[in-house]
Amino acid sequence: MTITSNDEATSLLGMYRAAPEHPDEVVLPIIGSVPQELRGTLYRNGPADWESGGFNGVHPFDGDGLVVKFTITGGTVKFRSRYVDTPKRRKELRGAGDRIRGVYTQARRLRDNIGRGPADAANTHAVVHADRLLALSDAGRPWQLDLDDLSTLGPCTFNGQLPSLSRFSPHPRIDPVTGELFNFGLDVGPSLEGRTVACLRCFRVDPAGRLSQLAAIPLEHIYIQHDFAITPQFLVFALAPITVDPVTAALAALGKGALGDSADYRPQQGMKIILVPRAGGGKPRIIECDPFVYIHVDNAYEDRGDVVLDLVRHESFAFLSQAAKQFRTEPLAVAGWPARLRVSAGGSVDLTDYPSPATEFPSHDERRTGREHRYTYLASAEEDAAAIVKLDRQTNTQRLHHFSQAMAPGEPIFVPKAHHSGEDEGWLLVVTYNAGEHRTELHILDAADIENPPLAIAVLPSHHFPGFHGSFTERITAP
Ligand SMILES: [Fe+2]
């Protein structure tokens, strides 16, 4: 879902070529000057190889997860990258990629699709919590990686506390005040009556890394739910009616049709806001509202009894379910825009749109997670140029950092200058594909003066898709 510019379609498609990994750390050449005060480690994850060992991925989501690491200290940037060592990746390296079934990609032979779930590509997020580096995706369970050399340590079950059939979604939220991590998994299974049922399972991981289950909420549809938010009191879910059709899913289970194609937007099923008490116990509050399409959440907060949820809306789900399949030959046109949902204490729901250039990948100063934030940062592309958008919610104005035309920026990640710095007083780290040079770069922007040229560009030794999501930590593993 990285943003691309139509005018540069042909060259920008280079970011979808299989990327080499760089397990040995290298010092990157710098254009400009990296701020001396900027110190820490940026981890990111994204699909970076769709064609290994006979696999022929037909959708960006089916590419193998490449975790990249930037160590920034003393004005220097070191880099390394490594593919997550999943069974999918291992099978490909054995030359048996054509036997793998992905989310949208079918194995060559019918028998390799029958009864198979999607292979876990571990390609969506790299999250650091409780001394663990986790590679996460929608289709699988967490993988734990070595924080230093990025080698895959194995599946993370949280010391056996993650139920064996539960998923662990790729967008956990960390409370900056308590240090707790919250997440969910949407599980599907047969009920005692023989019907298929879905369950929204909510988890809390304490700062020491111990997982407990907060809630298990039965659902009447199998939702494709990618993201959520937290406030000090609640886990906040907006369940858009992007759901799985049971008949198509049953055929896919028999190998007839791709698993991903059984999901679609079904507005007639309505939309549900679910507020799950963070403290555990107590009934979740469920509010129905008019449906709309979205994938990513920015943040949520409580305001005098209301719950406010910021996200990025889309006109239609087809950009992901269908258009993205053309990723090898057509740039992916992503045309989202920021929106705010206000759920009143009385149960009314108001939706406000913030017209903007075509955007995706919303982020905020993570010291404000669960609290009211003023600024949202987004990656953007209009027809002629890519940009980073800074939305000021107090003044409802937008300021842009424009890239040259042949660039594809990924999700911007904000890093404060110091613990006591104000919101927006810091840097934006933006991993960007440079089509003209066919390489990937780390662009470091001054968030407060976002229009200015980058303070520094760290030049990688090769290219990779700029990734889906990542995390910054002050921790340095190898100074
Ligand atoms: Fe995501």
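Look up: the structure comes first, before these words.
Residues numbered from 1 in each chain as written. Predicted model: local features only at pLDDT ≥ 70, side-chain atom pairs only at ≥ 80, totals over all residues. Heavy atoms only, no water.

Visitor: Even after reading the chapter, I still don't get the overall build of the protein, so can you show me in this structure?
Guide: Of regular secondary structure, the protein possesses 4 helices and 33 strands. Against the globule reference of 23 Å for 479 residues, the protein gives a C-alpha radius of gyration of 21 Å, in line with a compact fold. Along the first, second and third principal axes, the C-alpha atoms of the protein reach 65 × 60 × 45 Å. Here the protein holds 479 residues, and 58% of them are scored as buried. Long-range contacts, defined here as pairs at least 24 residues apart, represent 60% of the contacts in the protein between residues at least 6 apart. For the protein, the exposed area adds up to about 18,400 Å²; of that, 50% sits on carbon and sulfur atoms. Distance from the positive charge centre (48 side chains) to the negative charge centre (59 side chains) of the protein: 7 Å. (Helix = DSSP H or I, 4+ residues; strand = E, 2+ residues; numbered from the N terminus. Rg over C-alpha atoms; globule rule 2.2 N^0.38 Å. Buried < 20%, exposed > 50% of the residue type's maximum accessible area, 1.4 Å probe, protein only. Contact = heavy atoms within 4.5 Å. Areas by Shrake-Rupley, 256 points an atom, 1.4 Å probe, with all protein chains shown as cover. Lys, Arg positive; Asp, Glu negative; His and termini not counted. Charge placed at Lys NZ, Arg CZ, Asp CG, Glu CD.)

Visitor: How should the environment of S81 be read in this particular structure?
Guide: Note on placement: S81 falls in strand 5 (residues 76-83). With 36 residues separating them in the primary sequence, S81 and N45 have C-alpha atoms 9.5 Å apart. Those residues in contact with S81, other than ones at most four positions away along the chain, are P20, E21, H22, P23, L66, V67, V68 and L150. At 2.8 Å, the side chain of S81 and the backbone nitrogen of H22 are in polar contact. (Polar contact = N/O pair within 3.5 Å; in protein donor to acceptor, adjacent residues only side chain to side chain.)

Visitor: Can you walk me through the sheet that holds strand 25 (residues 375-381) in this structure?
Guide: Two strands in a sheet stick together by hydrogen bonds in their backbones, pointing the same way (parallel) or opposite ways (antiparallel). Sheet architecture is open: 4 strands sit in the order 24-25-26-27, paired in antiparallel fashion. Either end of the sheet is taken by a strand with one partner, and the two such strands are strand 24 (359-363) and strand 27 (397-402). Across the sheet, the mean angle separating the axes of adjacent strands is 25 degrees when strand polarity is ignored. (Pairing = 2+ DSSP bridges. Axes fitted to C-alpha atoms, helices over the stretch in contact; angles between N-to-C directions.)

Visitor: Please explain the coordination of the iron ion as it appears in this structure.
Guide: Put simply, a metal with four donors set out as a tetrahedron has ideal angles of 109.5 degrees, and one with six donors set out as an octahedron has ideal angles of 90 or 180 degrees. On the protein side, the iron ion has H171 (NE2), H226 (NE2), H296 (NE2) and H469 (NE2) as donor atoms, found 2.0 to 2.2 Å from it. Between the 4 donor atoms coordinating the iron ion, the angles at the centre fall across 90 to 163 degrees, so the site counts as irregular. Going along the chain, you hit the donors of the iron ion in the pattern H-x54-H-x69-H-x172-H. In this pair, H171 sits in the loop between strand 9 (152-155) and strand 10 (173-174) while H226 sits in the loop between strand 13 (211-219) and strand 14 (229-230), placing the two residues 55 residues apart along the sequence. Exposure class is identical for H171 and H226. Each is buried. (Donors = N, O, S within 2.8 Å, 3.2 Å for Na, K, Ca; no water. Tetrahedral: all angles 85-135°; square planar, octahedral: opposite > 155°, others 65-115°.)

Visitor: Can you help me understand the sheet that holds strand 14 in this one?
Guide: Strand order across the open sheet formed by 4 strands is 14-15-18-19, with antiparallel pairing between neighbours. Among the strands making up the open sheet, the edge pair consists of strand 14 and strand 19 (285-289). The pairing of strand 18 (residues 271-277) with strand 19 spans 5 bridges and is antiparallel. What sits directly across from L275, in strand 19, is R285.

Visitor: How do you make sense of the pairing of strand 32 (residues 456-459) when you look at a structure like this?
Guide: Walk down a regular strand and you will see the side chains alternate between the two sheet faces. Of the two faces of strand 32, both are covered, the one formed by A456 and A458 as well as the one formed by I457 and V459. The pairing of strand 2 (residues 30-32) with strand 32 spans 3 bridges and is antiparallel. Of the residues in strand 32, the one forming a bridge with I30 is A458. Strand direction decides the pairing type here: strand 31 (residues 439-446) and strand 32, joined by 4 bridges, are antiparallel. Directly across from H443, in strand 32, lies its bridge partner I457.

Visitor: Got a minute to help me understand the packing of aromatic side chains in this structure?
Guide: Geometry of an aromatic ring pair is reported as the spacing of the ring centres plus the angle between the planes. As enumerated under the stated definition, the model contains 15 aromatic pairs in all. Relative to F327, the ring of W50 lies with its centre 5.4 Å away and its plane at 50 degrees, an arrangement referred to as tilted. Of this pair, W50 sits in the loop between strand 3 (40-47) and strand 4 (65-73) while F327 is found in the loop between helix 4 (318-321) and strand 22 (337-343), placing the two residues 277 residues apart along the sequence. Judged on exposure class, the residue W50 and its partner F327 are both buried. Grouping aromatic residues by their ring pairs yields a cluster made of Y16, W50, F61, F327, F465 and F468. Between the NZ or CZ atom of R89 and the centre of the ring of Y83, over which it lies, the distance is 3.8 Å. (Phe/Tyr/Trp six-rings, centres within 6.5 Å; stacked < 30°, edge-to-face > 60°. Lys NZ or Arg CZ within 6 Å of the ring centre and 35° of its normal.)

Visitor: Explain the nonpolar core to me, please; I cannot follow it from the model alone.
Guide: For soluble globular proteins, the rule of thumb is that nonpolar side chains tend to be buried together. Within the largest apolar cluster, 42 residues are counted, with the highest numbers of intra-cluster contacts made by Y16, V236, I273, Y294 and L309. Taken together, the elements giving at least two residues each to this core come down to strand 15 (234-239), strand 18, strand 19, strand 20 (293-303), strand 21 (306-314), helix 4 and strand 22. The residues contacting Y294, other than those within four sequence positions of it, are Q225, D227, A238, A240, I242, M271, L311, V312 and R313. Among the nonpolar cores identified, the runner-up in size contains 23 residues, and L28, L38, F79 and L429 belong to it. (Core = buried A, V, L, I, M, F, W, Y, C linked by side-chain atoms within 4.5 Å.)

Visitor: Looking at this model, I keep getting lost on the pattern of salt bridges. Mind explaining?
Guide: Pairing between side chains becomes possible if they bear opposite charge and their charged atoms approach one another. Using the criterion set out here, one finds 36 salt bridges in the structure. Between R89 and D49 there is a salt bridge; the shortest N-O distance is 3.0 Å. Highlighted residues: R89 in helix 2 (residues 87-93) and D49 in the loop between strand 3 and strand 4, separated in sequence by 40 residues. Residue classification places R89 among the buried positions, given a relative accessible area of 10%. Residue classification places D49 among the buried positions, given a relative accessible area of 7%. Sharing partners across several salt bridges, the network here consists of D49, D64, K88, R89 and E92. (Salt bridge = Lys/Arg side-chain N within 4 Å of Asp/Glu carboxyl O.)

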